[in-house]
Every structure is written in C-alpha cells, then in structure tokens.
Amino acid sequence: MSSYAAEIPRFSAGRAWRVYSTEAKYELLKTLRQPAYVIPTLTFPLLFYVMFGVAFGGRQAIGPVSLATYLLATYSTVGVMGASLFGFGAGVAMERGYGWLQVKRASPMPPLAYLVGKTFMSIIFSAIIVTSLLILGTLFGGVHISIIAFLKLLGTMIVGAIPFCALGLAIGCYAAPNAAPAVVNVLFLPMSFCSGLWLPLQLLPKFLQHAAPYLPAYHLGQLGLKQVGFGEAGGSLPHVAALAGFTVVFLLLALRGFSRDDVKVNA
Amino acid sequence: MQSNESTVASLAGVTKKYTKITALRDVSLNVRAGELLAVLGPNGAGKTTAVRLLLGLTKPGSGLATVFGHDPRNASARGRIGAMLQVAKVPETLKIKEHINLFRSYYANPLSLQSTLEAAGLEGMENRLFGALSGGQKQRVLFALAICGNPDLLFLDEPTVGLDISTRHLIWQQIRRLIQQGRTVVLTTHYLEEVDALADRVVVLNHGVIVAEGTSAEIKARTAQRKIRCSTRLRPSEIELIPEVSSVSEQESRTEIRTSQVEPVLRELFIRDPNLSALEVSNSTLEEAFLKIVETGNHENPQEVTA
C-alpha cells in the first residue's frame, strides 16, 4: 500500500494558483449570468442612494459632512452586506441542499478554493457597488472626497465583506435552499436599519443607538464613515476587533452547521 | 482485514450510524486494482453510504476507510479519484465546457477537454448552458466531471438510474473502456442487468450488511430464479422430486414452483400431469432475488445478520 502513498500528486504553488483562480473565475461567471442575484444586489443600494442621498436633501449637513457623503459610506456598507449575504447565504444553501457541494467535495478541490471563489465574487460585486455609489454621489449629490479617501473606503469595504461572507456561509450551512433568501432578508433589512445605515444613527431612537454596537453592520458602517471624514470619537481598532470577533463566531457556527450535514444526509 | 498490494480502497469493519438508522454494520470490503466492483442492493441498503465513506464525505463511526492507503477525507488523497454522485441540482448558468474545465483544474494530469467531451458523448455541445440540457445530457456531464481528471479509481453511484437507453449504453461502454485501460471502478446499482453487463465482482448489501459476495456469475446463479405457477393435481411433495426444482409452495388454489431451469421442469410436469392448466412463467423480481439472498445469508452467517 505504501507504494500508492508515494504517488499521490501534491499541489504545487503554481497549480494551487490555477485551481483558486479558475474557481474564482467560474464562480463570478456563474453569478453574472443569474439576473435574480445581479439585479437586486446592484440596483437596491444604488436606487436608495439616488432617492435619499441625491434626490432629497443630500446636500444638508450632518455633522462635518453632507448627507450624500454620509450615505455614500453607509449605502456602501448596505451593498457589501447584500452582495455577501445573498451570494453566500443563498448560494451555499442551494449548492449544499441539492447535493452539488458534495460532488465538489468528492473531487480533489481544496475546500478553501470553494470559499475563496465565493468571497472573490462577493468582493467584485462590493467593489462595483462602492464605485457606482461614488460616481452617483460625485456627479449628482455634490460629494467631494479625495481619491485617497475613496481608495480607503473601497479597501475598507472589500475587507469588510469578509464578516458578512462568513455570516452568509453560516446561514447557507443551516437554511434549506428555498428558505435561505428569506432568512437573509429577515436579517439583512432590520440589521442594516438598526445599524444606522439607512438613516443616520443620531435620528434613531435611543435604545437602537445603544443596541447598534451589537450588530456587525454597525461596525463596518462606522469604519466606512471614518474614511469619508465622519469621524467619531475613538479609533478604528474597536470596530476592527468587533468585526474580527463576529467573523470567528460566524465561521464556528458555519462549521457546526456543516458537520451536522453528516448526520442529516440519507437519514 | 485482508489487504494486499492490489487493494486500492477498503472499508475495514466499518459501522456508520445516522441519528435514527444504522446505515452500515461492521462492513469490510476491499476494492482491488483493475476490477469493476458492483455494490448491489435495494434502496436504503447502505450503498451510497459506503461510497460516501470511501470518498471522505463522511467519516466512519467505527472502523477504517482508506483509499490508496490514505484517509479519503484528505483532499489530496482524492487526486486520483473521480466520482459521479446523485445530485438534485447542478449550477445551471455554466456551460458544459466551463463545468468540465473547472473540474479538470482540480487534477494534476487531466484529460483534454476534447477527449472528455468525446468520452461522455457531448461533442459539439460544449457551449451549451447546463440549464438548457435534457436529463440524459445532464447525466453525461456528471459522468464527464467524474472522468475528466483521468482518475485511476472511479466511483459511480447509481450512474444510470432513470436514464434513456442510449445514455445508459454509452456509460456502460465507457466503463468497459476504463476497465480495459486498467482503471478500477466501483459501481452501485439496483439493476441486476447492469451488474450482469459489467461487473467482475459483486457485493450485495442489504440493511447495511454484506449478505453475499462473489463473481457476477455466482450471484446471478443465486438470484436467477424463475417462477412457474399452475393448477395441477400434483402435490408439492411430488413436484419436489423433480431434480431442477428448488422450492414449491401452494398459494390459494395454485401451485408455485421456483427453479433456475424452467424447460426441463415443465417437461416433467406435463408428463406427470397432462391436465395441468392455468400455466404462467415469470422471472422472479429483483425484490424476490434479494429476499432469497438475504435468507441464504442468514443461514451462512447468522451472527453477522443478527448482530
């Protein structure tokens, strides 16, 4: 038997790169051809930004910045959440529930490639949304931020997609394929509202202002706001730490849900 | 556990329980290099569980699963393995060639796209989206994904269930070709016909226990019973004297005779009772064949079945 052991092909760095990039490419291609994902994910934050950030009173000041600038950061967060939660939540629930994930797991695909592919897809969508919001805000909402500030906002949102990918993954590991989009909506809309992403937190009731720090969306929203000049007291570190903590919790939940599958299948 | 140089995959004393049922109970089986092993059994017998264990999709409750001497849950141990599993829905917005190219990227020395398409009978269709395919074509794509990595060991979990005849024969033909090339194939099925057409060796599972094991001819001899029903004045004890008869029973007003050789039995019956009437000859169903094997298994290995 040991003679066979020696023949197991190893993944070289070049081959690993090929596997990961191919997985990411086809994940993106597969998703781009699904209007049910693409259209709501892209138009939802853009449409609401046009309504609230551009059409009505976008130039009024809120703290040191205009409302249009404030909402640029918070709708970016909304867009990132939507792309990640729906991409992972609905995507993983479908592929797991209908047995496709099992086909991939039976292949020599490194399990991480599956997650990297989906994360890449979420990040591309996030980047498209943030960039589109900036263009809308600059052209029609009187937003003036430096290229540096924009790149910092973009970078924050790209990295900030990861906790929501993890949350989506956790949902995808528990929810039935048909139920997943509803579960995502139930979490997504209240969480983004209560985190001060639709309306500035200052305009929300006191108890919501106190509850917000318990939501991951609040922390990404605050980090986004810092990049556009809406600085709150305190540094970025507590928000980054909170997001990292949420990511770990979501990944552990996902892992637990995933191993539960072993019991469920075929029973 | 008997294992030797030629064992490419094995289950050794594997028990696998799900929450409510025991899917496999102390099952040991060796897959030998270059053979086509069929795992035959009715629905719920534990066939899919055995394959899932060998693919590392689930871990044994007790006992050991190995492929090429490794734990199959290690992704790189699956580098020489291909698998065709039962799947309810495949992503529909990728083209056939994209699905195949993605799976090819997982393997170190895959087949070319073209030879994969040819082997699966998908030439000229590579640019079609998966969602636009017929049921048989979809199954061919799943077969293509299983072989595109040029695997030495191939698992096919009920590959032809519900397929049109042409796709079934295409898959059979490709399986034979793979065996000729020296590959090893593990096939689960509940079609006796499929086992007959393809397999070197058969393991029969029922209720999570191996109830029979042997060459396909041996298993066939044990299951290829036919049934004669008729009205006759002959008593069962008289009919049992005919050498080819394996069992006789009386059901309502009719006599039921089981045999593997219908013609000589019929000849004898008519000689002894020229007035024999309401004659009916049928193949025993697979269900009956399994029952028979299970019964025999009981006699051979009582402790294994009742454990």
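Check the entry above for the structure.
A short tour of the structure in this document, coming up. (Residues numbered from 1 in each chain as written. Chains lettered and ligands numbered in written order. Predicted model: local features only at pLDDT ≥ 70, side-chain atom pairs only at ≥ 80, totals over all residues. Heavy atoms only, no water.)

To continue, consider the nonpolar core. Residues B:Leu11, B:Leu55, B:Leu153 and B:Phe155 are the most contacted members of the largest nonpolar core, which totals 94 residues. In terms of residue count, helix α4 (residues 135–147) of chain B provides more of this core than any other element does, 7 residues in total. Among the nonpolar cores identified, the runner-up in size contains 47 residues, and A:Val65, A:Tyr70, A:Val143 and A:Met157 belong to it. (Core = buried A, V, L, I, M, F, W, Y, C linked by side-chain atoms within 4.5 Å. Buried < 20%, exposed > 50% of the residue type's maximum accessible area, 1.4 Å probe, protein only. Helix = DSSP H or I, 4+ residues; strand = E, 2+ residues; numbered from the N terminus.)

All names here are of chain B. In terms of residue burial, strand β7 (residues 184–189) counts as a mostly covered element, since 6 of its 6 residues are buried. For strand β3 (residues 36–40) and β7, the ladder comprises 5 bridges, and the chain directions are parallel. If you follow alanine 38 over to β7, its bridge partner there is leucine 187. Where strand β6 (residues 153–157) meets β7, 5 bridges bridge the pair, whose relative direction is parallel. When the bridges of β7 are listed, leucine 153 appears paired with threonine 184. After leaving β6, the chain enters helix α5 (residues 165–180) and then returns to the sheet as β7, a path that is right-handed. (Pairing = 2+ DSSP bridges. Right-handed = clockwise from strand over helix to strand, strands pointing away.)

A separate point is the packing of α4(B) against α5(B). Between two packed helices, what matters for the description is the angle formed by their axes and the separation of those axes. All names here are of chain B. Relative orientation of the contacting elements α4 and α5 amounts to 15°, with a least axis distance of 10 Å. Compared by their axis directions, α4 and α5 come out roughly parallel. The two elements α4 and α5 meet at a crossing, and its hand is right-handed. Residues Gly136, Arg140, Phe143 and Ile147 of α4 form the contact with α5, whose participating residues are Ser166, Thr167, Leu170, Ile171, Gln174 and Leu178. For the contact of α4 with α5, the residue count by class is 5 nonpolar, 4 polar and 1 charged. (Axes fitted to C-alpha atoms, helices over the stretch in contact; angles between N-to-C directions. Parallel < 35°, antiparallel > 145°, perpendicular 65-115°, else oblique. Left-handed = near helix turned anticlockwise from the far one by under 90°. Contact = heavy atoms within 4.5 Å. Nonpolar A, V, L, I, M, F, W, Y, C, P; charged D, E, K, R; others polar.)

Time to look at the sheet that holds strand β13 (residues 277–283) of chain B. Residues and elements named next belong to chain B. Taken in spatial order, the 4 strands line up as β11-β12-β10-β13 in an open sheet, and their pairing is antiparallel. If you trace the sheet from one side to the other, it starts and ends with β11 (245–251) and β13, each paired once. Strand after strand, the sheet turns through a mean of 20° between neighbouring axes, direction not considered. In the packing of helix α9 (residues 262–272) onto the sheet, the strands contacted are β10 (226–231), β11, β12 (254–259) and β13, and the crossing angle to β10 comes to about 15°.

Here the focus is the environment of A:Pro177. Residues and elements named next belong to chain A. In this fold, proline 177 is placed in the loop between α7 (147–174) and α8 (180–194). When its relative accessible area of 15% is taken as the criterion, proline 177 is described as buried. Ignoring sequence-local partners within four residues, the contact set of proline 177 consists of Ala93, Met94, Gly97 and Tyr98.

Okay, the interface of chain B and chain A next. Contact residues are listed per partner, giving 49 residues for chain B and 37 residues for chain A. Buried area between chain B and chain A, both sides added, is near 4,100 Å², and the carbon and sulfur share of it is 61%. Across the chain B-chain A interface, the total number found is 1 salt bridge. Our count for the contact surface shared by chain B and chain A stands at 13 residue pairs in polar contact (both at pLDDT 80 or more). Among the elements of the structure, β1 (7–17), α1 (47–54), α2 (96–105) and α4 of chain B are those that each provide at least two residues to the side of chain B that touches chain A. At 6 residues, α2(B) tops the list of elements feeding residues into the side of chain B that touches chain A. Class assignment of the residues belonging to the side of chain B that touches chain A gives a composition of 25 nonpolar, 15 polar and 9 charged. (Buried area = accessible area lost by both parts, 1.4 Å probe. Salt bridge = Lys/Arg side-chain N within 4 Å of Asp/Glu carboxyl O. Polar contact = N/O pair within 3.5 Å; in protein donor to acceptor, adjacent residues only side chain to side chain.)

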